[in-house]
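The lines below spell out each chain.
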Amino acid sequence: MFTAAKGRLAWSAVAVGAVVALAGCASGDPLDEGTSTDEEGAAAPLVVSSQAYYSNEIIAEIYSQALEAGGYEVDRQFQIGQREVYLPELEAGNIDVFPEYIGSLLQALDPEAAGGTADEVFADLQEALSEGLTALEPADASDQNSWTVTQEFADKYDLTDVASLANVTEPLIVGGNSELATRPYGPDALKSQYGVPIAEVKSIEDSGGPLTVKALVDNDIQLANIYTADPNIKANSLVALDDPDGIFFPDNVVTVVSDKVDAGAQEILDEVNAALSADDLVSLNSESVNDQKSADVIAEAWLTEKGLI
Amino acid sequence: MNLIIDAIAWILDSAHYGGPNGIGARLFEHLWISVLSLLIAGAIAIPVGFFIGHTGKGKAAAVLVSGGVRALPTLGLISILGLSIGIGVQAPIIAFVVLAIPSMLAGAYAGFEAIDRRIVDSARSVGMTEWQIVGRVELPLGLPLLIGGIRSATLQVIATATLAAYISGGGLGSFIFLGLRTNDYTQMLAGSILVIALAIAFEGAFSVLQRLVVPAGVRAGQRTNVRSGSSRSVAAAE
Amino acid sequence: MNWVLNNLPLIGERTLDHLAIAVPAIILSFLLSVPIGWVANRYSASNSALLWLSGSLLAVSGLLYAIPSLPLFLALPAIIGTGLRDPINVVIGLTLYGIALMVRATADALASVDPNVQQSANAMGFSGWSRFWKVELPLAGPVLLAGIRVVSVSTVSLTTVGAVLGIKSLGLLFTDGLQRNIPGEIYAGIVLTILIAVVLDAILVLCGRLLMPWRHAAAAPKPQVPIEREVNA
């Protein structure tokens, strides 16, 4: 017979466990705690977030450590996901400091935006940002879209910049994110502006990551959309074609801050951005990918080297 | 509700049907990737399941391996395989085969195990060889539960085949990822609805099939169970 | 492998995050499936309206599993108002999948209870409610346990999808490992996911043995007839 007492005890243990677990989950909206100001005078910690992108996380970690060295309390909420996930959070004021890229962010906020130089794009971005958000002065470092080919392919057709793709006689297979097909700088632009013969567009969802690189190296695709700060470009002797016509928006690193970030904190962030050069970003990424170091180790080393902490 | 109406309108829009990225092409890709994976998984899992069910050996190992394999996150598997094999359909197909094997295995051996041992003994006593027993006695009797296992595997593979698009394997997942990347919820929802519709179609076909394959003699003796098909198969098999 | 050794705290943290999402989902699935499965079973042989209810409950719940997980997690905030990055969002999505798997198993389990036993219980004076708790549920226990084991494994595996939304789980090891081309990280994620599934499965089996001790008693070999009999005879 089912021992009633023991059974009931067991079931109630399960029920209690369930309630506890649920309670733990329910109170666990991490963002709310970060933004409430606890008491008068005690500043709430600044919420620093990052994309689900290791390079972005390194930059966010650098910001966090610099702010902490400056006496601020930081609440790290990294790896939030792609723009469609974190942008609403940013606009709602749940995030205080976020490393972004001027061109990509501008296009996300204003799909009709015209491109231009880095300064023009930055000015447009400042206008496009919603109330309560500010974009600080961008860094030199940029991580932008590029059309990349292998060294052999570049040698074969004497490719130097995007326009020279017109030299290619065989139909190309292009690889990149699925949104590439809809972008103004995508395969359609290559066809119409430069007359590049495109056979097929393959969607690889890792945003120029190792799968895309491998496909390029294996010659499954001949032209790939890879980000310029990707250490794989150097590691695999790939050639990122120059973009003098600026079909790709410039994507300098920029810090988006909320109202809660005061002048002192902004100054610290400005210092960091001023010190971040393009080569620096590539070598930071390389340490993560090739040396497999974690973001906090990389950030601390770089900040110490630059004398910022 | 509006979003769903928009999504259905998107699906019905004839402009979305043509070309390599159209609904027709993607649907075809989704189907052949799923079916191929299921066939391969079946070719592996069903004979092994029959062996386990018929001889009674190796069940504990099978259950353990099945359970472990069932826990394998398909996206993780596709990622790892993609890093070594490259883009295309190969990595996803391998991952889907791995996904489908546990359910088919369970269906196969559960079907055999559910057969009354006395029937098998009687078959042996009238002189049937082992192979004849498997083919003429155990297989027909175990068919409903086997079909139940295949049905469960099919549902999982069709739902998960959306991940093939992650590494350029095509399929209905392309609409989902593209919609996700471009904030086009209509397209994303449309892709999801197509997958669900495909799953419904297969579920319906299988439920009819499961009822049809029950041998007439067995059907006569069963009490009428108005529920559509038994998936006690997978559950009871554990 | 170096990466694994250097990042054990991270791996541990992700494992706990994973459990914090998977375990509540499994428990919720079970708690919600029992009433739904009971309704589906109770009316499975009755008049047309209720039959339709039962049939559609089974059909709809089964098909929930076909909804691709990522769109579901993205659509839930719009439907029920959870935050997109709120772990509760993923828990609810996982619960829906768990219900999809479990309702049919529950209905089958309750159907497998011998009607003769149910009638005896009625004859002894059990009310419907206490008959359910003391007779049907315990007898349906083994099949329910089998069902929940499947749900547990499936939930642990599906939790990883939340990583695409940035919800912390072992899935983040996949996405990060893939981006940085660190196979060790991806393997760590896979191995730990399987490990968690196996451990939870073992815990469930243990719970089953504790809650249903008669299964063991029945399975134990019957004691031999004492030899004294022969002597007496």
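Residues numbered from 1 in each chain as written. Chains lettered and ligands numbered in written order. Predicted model: local features only at pLDDT ≥ 70, side-chain atom pairs only at ≥ 80, totals over all residues. Heavy atoms only, no water.

Enquirer: Would you mind going over the interface of chain C and chain B with me for this structure?
Expert: By convention, interface size is frequently given as the accessible area that disappears when the constituent parts associate. Contact residues are listed per partner, giving 37 residues for chain C and 38 residues for chain B. Summed over both partners, the interface of chain C with chain B buries about 3,400 Å², with 75% contributed by carbon and sulfur atoms. The interface formed by chain C and chain B contains zero salt bridges. Applying the counting criterion to the chain C and chain B interface returns one residue pair in polar contact (both at pLDDT 80 or more). Listed by contribution, the elements that provide at least two residues to the side of chain C that touches chain B are helix H3 (48-64), helix H4 (69-80), helix H5 (87-111), helix H7 (128-158), helix H8 (171-179) and helix H9 (183-211) of chain C. Looking at the side of chain C that touches chain B element by element, the count peaks at seven residues for H9(C). The class makeup of the residues in the side of chain C that touches chain B is 26 nonpolar, nine polar and two charged. (Contact = heavy atoms within 4.5 Å. Buried area = accessible area lost by both parts, 1.4 Å probe. Salt bridge = Lys/Arg side-chain N within 4 Å of Asp/Glu carboxyl O. Polar contact = N/O pair within 3.5 Å; in protein donor to acceptor, adjacent residues only side chain to side chain. Helix = DSSP H or I, 4+ residues; strand = E, 2+ residues; numbered from the N terminus. Nonpolar A, V, L, I, M, F, W, Y, C, P; charged D, E, K, R; others polar.)

Enquirer: I keep staring at the sheet that holds strand E8 (residues 223-225) of chain A and nothing clicks. Help me out?
Expert: Hydrogen bonds between backbone groups are what pair the strands of a sheet, and the pairing can be parallel or antiparallel. Residue and element names in this part refer to chain A. Pairing in this open sheet of five strands is mixed, and the strands run E7-E6-E8-E5-E9 from one edge to the other. If you trace the sheet from one side to the other, it starts and ends with strand E7 (198-203) and strand E9 (238-240), each paired once. Taking the axes of each pair of neighbouring strands and ignoring which way they run, one obtains an average angle of 25 degrees across the sheet. Across the face of the sheet, helix H8 (residues 187-194) comes into contact with strand E5 (147-150), E7 and E8 while running at roughly 160 degrees to E7. In the packing of helix H9 (residues 210-217) onto the sheet, the strands contacted are E5, strand E6 (172-176), E8 and E9, and the crossing angle to E5 comes to about 45 degrees. (Pairing = 2+ DSSP bridges. Axes fitted to C-alpha atoms, helices over the stretch in contact; angles between N-to-C directions.)

Enquirer: Before we go on, may I ask you to explain the pairing of E7(A) in this structure?
Expert: Two faces belong to every sheet, and in a regular strand the side chains alternate between them. Residue and element names in this part refer to chain A. Pairing between E6 and E7: five bridges, direction parallel. What sits directly across from Gly 175, in E7, is Lys 202. Crossover handedness for the path E6 to H8 to E7: right-handed. (Right-handed = clockwise from strand over helix to strand, strands pointing away.)

Enquirer: Even after reading the chapter, I still don't get the environment of Ile21(C), so can you show me in this structure?
Expert: All names here are of chain C. The topology assignment puts Ile 21 in helix H2 (residues 8-42). For Ile 21, a relative accessible area of 3% corresponds to the buried category. Each C-alpha atom, one on Ile 21 and one on Gly 162, is 9.8 Å from the other, the two residues being 141 residues apart in sequence. Excluding its chain neighbours within four sequence positions, the residues that come into contact with Ile 21 are Pro 87, Val 90, Val 91, Leu 94, Thr 159, Ile 167 and Lys 168. (Buried < 20%, exposed > 50% of the residue type's maximum accessible area, 1.4 Å probe, protein only.)

Enquirer: Would you mind showing me how to read the pattern of salt bridges here?
Expert: Side chains bearing opposite charge may pair, as long as their charged atoms lie close to each other. Evaluation of the coordinates by the stated rule reveals 17 salt bridges over all chains. Across the pair Lys156(A) and Glu170(A) runs a salt bridge whose closest N-O atoms are separated by 3.1 Å. In this pair, Lys156(A) sits in helix H7 (residues 151-157) while Glu170(A) sits in the loop between H7 and E6, placing the two residues 14 residues apart along the sequence. Judged by its relative accessible area of 55%, Lys156(A) falls in the exposed class. You can call Glu170(A) partly exposed: its relative accessible area is 28%. Residue Arg180(C) is joined to Asp176(C) by a salt bridge in which the shortest nitrogen-to-oxygen separation is 2.9 Å. The buried category is assigned to Asp176(C), whose relative accessible area is 8%.

Enquirer: Looking at this structure, how should I read a negative patch on the surface?
Expert: Residue and element names in this part refer to chain A. Together, Asp 119, Glu 120, Asp 124, Glu 127, Glu 137, Glu 267, Asp 270 and Glu 271 make up a region of like negative charge exposed at the surface. Elements represented by at least two residues in the negative patch include exactly helix H6 (118-128) and helix H11 (263-275). If one sorts the elements of the negative patch by residue count, H6 sits on top with four residues. Considering the arrangement of structural elements, one finds Glu 120 in helix H6. (Patch = residues over 30% accessible without salt bridge, like charges linked within 9 Å, V, L, I, M, F, W, Y side chains within 5 Å. Areas by Shrake-Rupley, 256 points an atom, 1.4 Å probe, with all protein chains shown as cover. Lys, Arg positive; Asp, Glu negative; His and termini not counted. Charge placed at Lys NZ, Arg CZ, Asp CG, Glu CD.)

Enquirer: Hey, could you run me through the nonpolar core in this one?
Expert: If you look at the biggest cluster of nonpolar residues, it comprises 58 residues, and the most contacted ones within it are Leu211(A), Ile221(A), Ile226(A), Phe96(B), Met104(B), Tyr166(B) and Ile186(C). Mapped by element, the contributors of at least two residues to this core are H9 of chain A, helix H2 (23-55), helix H3 (59-70), helix H4 (74-85), helix H5 (90-113) and helix H7 (130-160) of chain B together with H8 and H9 of chain C. Per-element accounting of this core gives the leading share, 12 residues, to H5(B). Those residues in contact with Leu211(A) that lie beyond four places of it in its chain are Ile204(A), Asp206(A), Gly82(B), Leu83(B), Ile87(B), Tyr166(B), Ile167(B) and Leu178(C). (Core = buried A, V, L, I, M, F, W, Y, C linked by side-chain atoms within 4.5 Å.)

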